[in-house]
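Now for the letters of each chain:
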Amino acid sequence: MSKPWAIRLASESDLDAIMQIEHECFANDAWSSDSMFDELTGAEKYYIVAYQDDALIGYAGLNKLPTVHQSEIQTIAVLPSSRGNGLGRDLMDQLLQEAVRCDCREVFLEVRADNPVAQQLYRSLGFEQIDVRKRYYQPDDVDAIVMRATLTSAKAEPLVLGIESSCDETGVGIVRGTTLLANVISSSMDQHARFGGVVPEVAARAHLEALLPTLNEALATAKVSLDEIDAVAVANGPGLAGALMVGVGAAKSLAVSLGKPIYAVNHLVGHVGVDILERGELETPTIALLVSGGHTSLLLVRNLLDDVELLGETIDDAAGEAFDKVARVLGLKYPGGPEIDNAAADGDPNAIRFPRGLMLPKDMEKNRYNFSFSGLKTAVARHVEVLNTKGELVPIADVAASFREAVVDVLVSKAVNACVDHNVPRLLLGGGVIANRRLREVAQQRCDENGIELRIPALSLCTDNGAMIAAIGAQLIAAGRQPSGLTFGADSTMPVTTVQTL
Amino acid sequence: MMQLQVRDADEMHALGIRIGKQLRAGDLVVLVGPLGAGKTTLTRGVGEALGAIGNVSSPTFVIARTHKRESGEAPMVHVDAYRLGSADELDDLDIDFPKSIVLVEWGKGMLDDISDNLLEVEIARDHTGESETREVTITGIGERWAGVEF
Amino acid sequence: MGAMLAIDTSAGTTVALVRNGEVIAESNHDNTMGHAETVAVAIAEVLAAAPGVGVNSVVVGRGPAPFTGLRVGIAAAMMFSQGAKAKLSGVISLDAIALLELEGNSAISSTNPLLVVTDARRKEVYYALYSGLNSHGVPIRIDGPAVIKPAALEEMLIDINITPVTATKSITAVAIAKLAEAQLRDACLSTDVTALYLRQPDAVEGQFGKKVSG
């Protein structure tokens, strides 16, 4: 841990040092040396001390009542000179962890009514006022506020920071359990702010430059500080190795500096899990169609964390890629998706019947859930070439619309087939290509026709982002999963069946 | 240098297998050809011959994909330089060239300083659109490819 | 008193925790790949060797280096400094190698300079020339850092009639820390942590004779 203090279990030999702090902090309320000794040595007592450069600077104690699954914070004290740095929070975290370890469901404490700083700390840890004991503290004549925290809530609502750098976007997201607090993607920030005007094309260099600004904007948006983060999550695959490595190195290092656990999660599973941030949960089983520049995959999700099956994927180009390449063929700019959409607005989707890859009867047997867009891309290129050779005008709108129709047709047909074949009446869409309106339209139509419930998360959550990564991290924590170690690397070809790398 | 006529995707795949059987660590192959020429199809054949693990699909978006091999030997790295602006960006991929078998689509001009040996596979399509046949020209540059046939 | 965490991934992964010139702990891994796997382990290792010691300064080697790994170290340094609320600084890795070689070596001078050369891939090398240490112990760089073909480097040295002493030591985080501490004394420790790629457009033409400040 990088904090200027360390915490360990208290022992009898700490009595004198503790009593010095006791007197300094509690003056009129100080316990006697004998009482403190009993506390330090009592059964079902858990006392810890914090030290810096060999001197004690604080301590805290817990009284455990295991038969009723409750604990009481007996005391917590930090030397005035060491306050304001998060030591109080740290000591409380340790006590609460011990309470969780002993299967306590509730933790109680009393705090002086004239100590708003302490009250705020406890509130931020999930404590609520339940009672007031009038004039409890004597001779100061101050009321005691009784507070209680219910432990499952602390674990079920962890504050997680997620980092995404699998391809072009640097994303940092912050969630509290299933609540989205911040979702910042570097490309959405002012270009100048990120790079000072220079825009590198390729991932890895850009990620390094975008990292801190994106992190800081996320913290500011969520109105939390790094100290409050319970865990860090990072996408360690699949994707571009060099880009992933930057995120992995960054996330691990952040976790170590905060003394918090890290979870290495699958980028694709992130796309599936992001719906939790809108609905609070993912209804399973569900079919998921993920379509982006780098991926076109059809998944059967029986359980987000344990059972994700790859039904099919592209055998050549990803759908988003096909859009980019066809856009180029048509003389349109990058990225191809929105450009094709604009061009197709006035076009006739049935003007040209472009081939639907892997949809022939023989394909529906061998490659039922696989995709192929290469033939389509070639057909469009060929169509345009022929017109150019003949000196004829290329009807861009019609070509764009017809091409788009072919892509959408294949994507939706296969997704709907997957739902029907597996008797799963739910379809979830994810990935940047979902921004395509025609895809959403046709998906809705065909789902309605087949009694399938269609889920499309908000577009800002469909593209690569850090919030989806944080969401998976939070799910893993809520499920009590072990954090990842510090030795995992970037895996550019990680299969979707690997949800977390330990 | 050799020239072949390849009639369809299956034959392209088969050519890929023949090429793949001769590849070893340190080899660098550049694939040249327009959209839809069959570069990825060829690479799938190479991947099959090498026992590459994982789906060999176009890496345009991710730029490079590393496939371990069933035998555990030198991995196959499938690169698509389509989105790269310069050779420097190819550097950024940090590929361990001597220990890998690297195939680069759209890589013409990007690989000059990497190795003295290069296998260039150029795939040309029939522009009239009449025929599916591709004309494939394979050129071996450097000692490594002297006398090698597919 | 707080300690300095030094990180360099311009070659292998090397991390050190230093306080007041004393090395508290270091962790060195030679593998020039696998930085993403190793960097955090190394950081955790050195921190574990000194419980209760806070980090108030992070220094990272900026390269030059051709490896993606360089970025991993810089990213790790950036994020660690954020989490630890520590100051973040950067040094040039070649300068740290020079420091290792120049310590106690009085034979080096501007007519008999030290040449530090590292692999830049693409059949090129990174180089820098040093004439010695200044009064604060900071290496005086008289040329570079720049990227160059080995043959061109040889030619250049012949042209200016210099047979330098070539560095043989490898970079360590301890050297990075020592360099940072020296630069602190010399009030020239930079907060710039951008990676040095040294190829266009940020290439700096090596010009012998022009003093490049340290």
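Each remark here, short or long, concerns the structure printed above.
The following refers to the structure shown. (Residues numbered from 1 in each chain as written. Chains lettered and ligands numbered in written order. Predicted model: local features only at pLDDT ≥ 70, side-chain atom pairs only at ≥ 80, totals over all residues. Heavy atoms only, no water.)

### Details of the interface of chain C and chain A
The parts lose accessible area when they come together, and the size of an interface is often stated as this lost area. What counts is decided by this rule: Between two residues, a contact is recorded if the distance between any of their heavy atoms is within 4.5 Å. In this description, buried area is defined as the sum, over both parts, of the accessible area (probe of 1.4 Å) that is lost when the two are combined. The working definition used for a salt bridge is a side-chain nitrogen of Lys or Arg within 4 Å of a carboxyl oxygen of Asp or Glu. Pairing of N or O atoms within 3.5 Å defines a polar contact, subject to two protein rules: one partner must be a possible hydrogen donor and the other a possible acceptor, and residues neighboring in sequence count only if both atoms are side-chain atoms. Labels follow the DSSP assignment, with helices taken as runs of H or I lasting at least four residues and strands as runs of E lasting at least two, numbered in each case from the N terminus.
Opposite the 30 residues of chain C that make contact, chain A presents 34 residues. Interface area, chain C with chain A, both sides summed: about 2,700 Å², of which 68% is carbon and sulfur. Across the chain C-chain A interface, the total number found is one salt bridge. Counting the contacts that link chain C with chain A gives four residue pairs in polar contact (both at pLDDT 80 or more). Elements represented by at least two residues in the side of chain C that touches chain A include exactly α1 (35–48) and α2 (68–84) of chain C.

### A word on the packing of aromatic side chains
For clarity, the cut-off: Only centres within 6.5 Å qualify two rings of Phe, Tyr or Trp (six-membered ring in Trp) as a pair; their planes then separate them into stacked at under 30 degrees, edge-to-face at over 60, and tilted for everything else. Residue exposure (1.4 Å probe, protein chains only): buried if accessible area is under 20% of the type maximum, exposed if over 50%, otherwise partly exposed. Ring-over charges, as used throughout, are those where CZ of Arg or NZ of Lys falls within 6 Å of the ring centre and within 35 degrees of the ring normal.
Counted under the stated rule, the structure contains six aromatic pairs over all chains. Ring centres 6.0 Å apart and planes at 65° place the aromatic pair A:Y122 and A:F127 in the edge-to-face group. Residue A:Y122 is classed as buried on the basis of its relative accessible area of 7%. Classification of A:F127 by relative accessible area gives buried; the value is 2%. Plain terms: the ring middles of B:Y82 and B:W106 are 5.1 Å apart, the flat faces sit at 70° to each other, and that makes the pair edge-to-face. With a gap of 24 residues between them, B:Y82 in the loop between β4 (76–80) and α3 (87–91) and B:W106 in the loop between β5 (101–105) and β6 (118–124) connect regions that are remote in the sequence. With a relative accessible area of 13%, B:Y82 lands in the buried category. A cation sits over an aromatic face here: A:K325 above B:Y82, 5.2 Å from the ring centre.

### Here we look at empty space enclosed by the protein
How we decide: Only protein atoms enter the 1 Å grid used here, on which a cavity is any set of points holding a 1.4 Å probe that cannot leave and a pocket is any open set flanked by protein within 12 Å on both sides along at least five of seven lines; residues with an atom within 4 Å of a point are listed as lining. Grid points are joined across faces, edges and corners, and a volume is the space filled by probe spheres set on the points. Residues are grouped as follows: Ala, Val, Leu, Ile, Met, Phe, Trp, Tyr, Cys and Pro are nonpolar; Asp, Glu, Lys and Arg are charged; all remaining types, including Gly, are polar.
Following the criterion strictly, the structure yields three cavities of 30 Å³ or more and no others. Here the largest cavity defines a volume of roughly 110 Å³. Taken together, 13 residues make up the lining of the largest cavity; nearest its centre are A:R205, B:D92, C:A65, C:P66 and C:Y197. Ranked by residues supplied to the lining of the largest cavity, first place goes to α2(C) with three residues. What the second largest cavity holds in volume is close to 70 Å³. Every residue along the wall of the second largest cavity is listed here: A:D275, A:R279, A:E281, A:L282, A:E283, A:T286, A:R426, A:L427, A:L428, A:E453 and A:R455. Of all the elements in the fold, those that place two or more residues in the lining of the second largest cavity are β16 (426–430) and β17 (453–455) of chain A. Top element by residues in the lining of the second largest cavity is β16(A). It accounts for three residues. A class-by-class count of the residues in the lining of the second largest cavity yields three nonpolar, one polar and seven charged.

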